[in-house]
Amino acid sequence: MPDSPLFYVISAAILIVAAIVFFFLGITYRKRVSEREIQSAEEKAKRIINDSIKAAENKKREALLEAKEEIHKNRNEYEHEIKERRTEIQKQERRLQQKEEMLDKKTDLIEKKSETLAKRMADLEATHEEVAALKRSQFEMLERISGYTVEEAKAFLIKNLESEVTHEAAMKIKEIESRLKEESDQKAREYISLAIQRCAADHVAEATVSVVPLPNDEMKGRIIGREGRNIRALETLTGVDLIIDDTPETITLSSFDPVRREVARISLEKLILDGRIHPARIEEMVEKAKKEVDATIKSEGDRATFETGVHGLHQEIVKLLGRMRYRTSYGQNVLNHSIEVSHIAGLLAAELGADVMTAKRAGLLHDLGKAVDHEVDGSHVDIGIDLAKKYKENDEVLHAIHAHHGDVEPRTIIACIVQASDSISAARPGARRENIESYIKRLEKLEELTCSFTGVESSYAIQAGREIRIMVKPEEVSEDQMILLARSIAKKIEAELEYPGMIKVNLLRETKAIEYAK
């Protein structure tokens, strides 16, 4: 019966047996396929190995052929090189052989000449002996006639000659000395008076103030500005004291430094002409004024060299000469003084027959150190010597600079001429004013002392030295440190300087921020 349990069992058994049979048949089939694939792979591997062996043998044969060709090529090159070297050696051997033949010929010639010279030397020695014998016989004859030996005769003649020459020389020297004493003073007066007459110059002592005219009195208020910001900015940037008083339509600029005063004067005139007066415009005008002063310095140096006829100076020396336009010594303008000394030195050198151009050059450069003696330690003589050496001036000019104040003894006529010319220029009536020089030196010392402190950017002595205005670096000096710094500066001024009255120490700390709109 299909629905009976036995039927299901038989069906299941049949299915299991069928599955087992199919399983074994599949395994058998896969084994045969695998064996066929393995056999195919082995055959393929054998083919590959055989092909590789054949390719290796071909490569080996090709490598052997290339090696043989390279060896053959190298052998040919080596044989060619050997052949060339043999040819060169043969040429050298032929040249050496020719040189040996020439040396043999020269040796023969030298031997012949040596024999000839030996014969001549023998003849000369025989002649020399004959001359010596003749000389001895003549001396013996002279000794018998005079009764003196040779040494005694020499001594007698020398003694007589010395006494005669000494007496004549002494008489001549005494005569020359007396004549020179009579003539030297007169000649010196003539030369100096002639030089002074030919080089006449006007002398005006330099002042320490400048006056700037104003178009009207209302301009004073604009220059002062709101709460004094404009005048404070101008005084800070230039280091010059602006005096605004009841004098109508004028402002007085006061400073011991003529360069600062000139910068302030030009800046103020530009501001008045422009009409726009505020701190930014003031700073712009001060920079323009400084550039104008620099250009003036260059032109003044060129003028000095052209006026004196001294050429071939280094350009830096010309600039230093131009700086002396703004330098005074005892109230006398140093550049004008140097030009005058150059002219006088040239005139004296012409009268004395010395080198005129060297004398004028030394006269023009004798005070060169005063151009930078505010910035460099040492006397203006030492500074001038260092500058002249730096720019390759000759030794005669260097010695004249060194000796013009008597620091060393003059060894040349040029040094003496420059020394005399310097004294002549300084001694003219009205040329110098002693109290101005001491006043300026005191103010310079005051500024130098304050600038020695750390954090100080610049300092300016104003109010005739009664106030020192100091600009500090804001990044180095704080607000609290300013009080201590002002006290330290005041204590050092009291300890190291001598001055009448009191000096106000005024510290300014200003922070600025600048940006550009593009």
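One can find the structure itself at the top, above this paragraph.
Here is what the cut-offs are and how they apply
Each chain has its residues counted from 1, running along the sequence as written. Per-residue local features of the predicted model are confined to residues with pLDDT of at least 70, and side-chain atom pairs are confined, for both listing and counting, to 80 or more; whole-chain, interface and lining totals are unaffected and use all residues. Excluding hydrogens and water, the side-chain values take into account all heavy atoms of the structure. Secondary structure elements follow DSSP: runs of H or I no shorter than four residues count as helices, runs of E no shorter than two count as strands, and numbering proceeds from the N terminus. Relative accessibility decides the category of a residue: with a 1.4 Å probe and only protein chains considered, values under 20% of the type maximum give buried, values over 50% give exposed, and everything between is partly exposed. Residues count as neighbours in contact if any of their non-hydrogen atoms are within 4.5 Å of one another. Areas reported as accessible are Shrake-Rupley estimates using a 1.4 Å probe. Residue values count occlusion only from the protein chains shown. In plain words, nonpolar cores are sets of buried Ala, Val, Leu, Ile, Met, Phe, Trp, Tyr and Cys residues tied together by side-chain atoms within 4.5 Å. Like charges are joined within 9 Å and nonpolar side chains (Val, Leu, Ile, Met, Phe, Trp, Tyr) within 5 Å, but only among residues with over 30% relative accessible area and no salt bridge; these make up the patches. Put simply, a salt bridge is a Lys or Arg side-chain nitrogen that is within 4 Å of an Asp or Glu carboxyl oxygen. Counting rule applied: Lys, Arg positive; Asp, Glu negative; His and chain ends not counted. A single reference atom marks each charge: NZ on Lys, CZ on Arg, CG on Asp, CD on Glu. Axis lines are fitted to C-alpha atoms, over the contacting stretch for helices. Their N-to-C directions set the angle, which ranges from 0 to 180 degrees. Relative orientations are named as follows: roughly parallel for angles under 35 degrees, roughly antiparallel for angles over 145 degrees, roughly perpendicular for angles from 65 to 115 degrees, and oblique for any other angle. In this scheme, a crossing is called left-handed if the near helix is turned counterclockwise away from the far one by less than a right angle; it is called right-handed if the turn is clockwise. Any residue outside Ala, Val, Leu, Ile, Met, Phe, Trp, Tyr, Cys, Pro, Asp, Glu, Lys and Arg is labelled polar, Gly included; the first ten of those are nonpolar and the last four are charged. Side-chain rings of Phe, Tyr and Trp (the six-membered ring for Trp) are treated as a pair once their centres are within 6.5 Å; stacked means planes under 30 degrees apart, edge-to-face means over 60, and tilted covers the remaining angles. Counting as a charge over the ring demands two things of the Lys NZ or Arg CZ atom: a distance within 6 Å of the ring centre and an angle within 35 degrees of the ring normal. One requirement defines pairing of two strands: DSSP has to find at least two bridges between them.

Enquirer: Looking at this structure, how should I read the overall build of the chain?
Expert: Within the chain, the regular secondary structure consists of 14 helices and eight strands. Burial statistics for the chain: of 518 residues in total, 32% are counted as buried. Expressed as a percentage of contacts within the chain between residues at least 6 apart in sequence, the contacts between residues at least 24 apart total 63%. Taken as a whole, the chain presents about 35100 Å² of accessible surface, with 56% of it coming from carbon and sulfur.

Enquirer: Which parts of the structure should I look at to understand the nonpolar core?
Expert: Inside soluble globular proteins, nonpolar side chains tend to come together where they are buried. Among the nonpolar cores identified, the biggest contains 39 residues, and Leu 313, Ile 317, Leu 321, Leu 364, Leu 365, Leu 387 and Ile 414 are the most heavily contacted of them. Contributions of two or more residues to this core are made by helix H7 (315-323), helix H8 (334-352), helix H9 (356-365), helix H10 (380-390), helix H11 (395-403) and helix H12 (413-427). For this core, the leading source of residues is H8, giving seven residues. Apart from residues lying up to four places away in sequence, Leu 387 is in contact with Leu 320, Leu 368, Gly 369 and Val 372. Val 212, Ile 272, Val 293 and Ile 297 belong to the second largest nonpolar core, which has 25 residues in total.

Enquirer: Which parts of the structure should I look at to understand a negative patch on the surface?
Expert: A contiguous patch of negative charge on the surface is contributed by Glu 100, Glu 101, Asp 104, Asp 108, Glu 111 and Glu 115. Tracing the backbone shows Glu 101 in helix H1 (residues 5-146).

Enquirer: Would you take a moment to explain the packing of H9 against H11 for this structure?
Expert: The relative placement of two packed helices is expressed as an angle between their axes plus a distance between the axes. For the pair H9 and H11, the least separation of the axes is 9 Å and the interaxial angle reads 45°. In terms of orientation, H9 lies oblique with respect to H11. Between H9 and H11 lies a crossing of right-handed hand. Facing H9, whose interface residues are Thr 358, Arg 361, Ala 362 and Leu 365, H11 presents Glu 396, Val 397, Ala 400 and Ile 401. For the contact of H9 with H11, the residue count by class is five nonpolar, one polar and two charged.

Enquirer: I tried to follow H7 on my own but got confused; where do I start?
Expert: Every buried residue of H7 is listed here: Ile 317, Val 318, Leu 320, Leu 321 and Gly 322. Tucked inside the fold, the buried residues of H7 contact helix H6 (279-308), H8, H9 and H10.

Enquirer: Would you mind showing me how to read unusual backbone geometry here?
Expert: Leaving glycine aside, a negative phi is the common case for residues, and trans is the common case for peptide bonds. In this structure, Glu 227 takes a positive phi of about 55° despite not being glycine. On the basis of relative accessibility, which here comes to 75%, the residue Glu 227 falls in the exposed class. A positive phi angle is found at Lys 392, which is not glycine, with a value near 65°. Here Lys 392 shows up in the loop between H10 and H11. A relative accessible area of 73% places Lys 392 in the exposed class.

Enquirer: How should I be thinking about the side chain of His 399 in this particular structure?
Expert: Locating His 399 in the fold gives a position in helix H11. Excluding anything up to four places from it in sequence, His 399 contacts Val 408, Glu 409, Pro 410, Arg 411, Thr 412 and Ala 415.

Enquirer: How should the pattern of salt bridges be read in this particular structure?
Expert: When the charged atoms of two side chains with opposite charge come close together, those side chains can pair. Applying the stated criterion to the full structure yields 19 salt bridges. Between Arg 509 and Glu 479 there is a salt bridge; the shortest N-O distance is 3.3 Å. Within this pair, whereas Arg 509 is found in strand S8 (residues 504-509), its partner Glu 479 is found in helix H14 (residues 479-496), the two being separated by 30 residues in sequence. Its relative accessible area of 28% is what places Arg 509 among the partly exposed residues. Through salt bridges with shared partners, a single ionic network connects Asp 274, Arg 276, Arg 281, Glu 284 and Lys 288.

Enquirer: Looking at this structure, how should I read the packing of aromatic side chains?
Expert: We describe a pair of aromatic rings using the distance from one ring centre to the other and the angle between the two ring planes. Evaluated as defined, the whole model comprises one aromatic pair. Plain terms: the ring middles of Phe 23 and Phe 24 are 5.8 Å apart, the flat faces sit at 70° to each other, and that makes the pair edge-to-face. The lysine or arginine in question, Lys 492, covers the ring of Phe 453, its NZ or CZ lying 5.2 Å from the ring centre.

Enquirer: What is the right way to read the packing of H8 against H9 from this model?
Expert: Running from amino to carboxyl end, H8 crosses H9 at an angle of 155°, the nearest separation of the two axes being 7 Å. If you check the angle between H8 and H9, you find them roughly antiparallel. Note on packing geometry: the crossing formed by H8 with H9 is right-handed. Every residue of H9 that contacts H8 at Ser 338, Ile 339, Val 341, Ser 342, His 343, Ala 345, Gly 346, Ala 349 and Ala 350 is listed here: Val 356, Ala 359, Lys 360, Gly 363 and Leu 364. Residue composition of the contact of H8 with H9, grouped by class: eight nonpolar, five polar and one charged.

Enquirer: I tried to follow the pairing of strand S7 (residues 467-472) on my own but got confused; where do I start?
Expert: Within a regular strand, the side chains alternate between the two sheet faces. When you tally the buried positions in S7, you get six out of six residues, the bulk of the element. Judged by which residues are buried, S7 turns out to be covered on both faces: Glu 467, Arg 469 and Met 471 on one side and Ile 468, Ile 470 and Val 472 on the other are all buried. Inspection of the sheet shows S7 paired to S8 by six bridges, in the parallel sense. The partner of Glu 467 across the bridge, within S8, is Lys 504.

Enquirer: What is the right way to read the environment of Ala 420 from this model?
Expert: Considering the arrangement of structural elements, one finds Ala 420 in helix H12. Look at Ala 420 and you get partly exposed, because its relative accessible area is 29%. Sequence separation of Ala 420 and Ile 344 is 76 residues, and the distance between their C-alpha atoms is 9.0 Å.

Enquirer: What should I look at first to understand the pairing of strand S3 (residues 250-254) in this one?
Expert: Within S3, five of the five residues are buried, leaving the element largely enclosed by the surrounding structure. Residue alternation in S3 divides its side chains into two sets, Thr 250, Thr 252 and Ser 254 and Ile 251 and Leu 253, and both sets are buried. Pairing of strand S2 (residues 241-243) with S3 involves three bridges; the strand directions are antiparallel. Directly across from Leu 242, in S3, lies its bridge partner Leu 253. Where S2 hands over to S3, the hairpin turn is made up of six residues, of which Glu 249 adopts a positive phi near 55°.

Take it as geometry only, folks, not as evidence of what the structure does.
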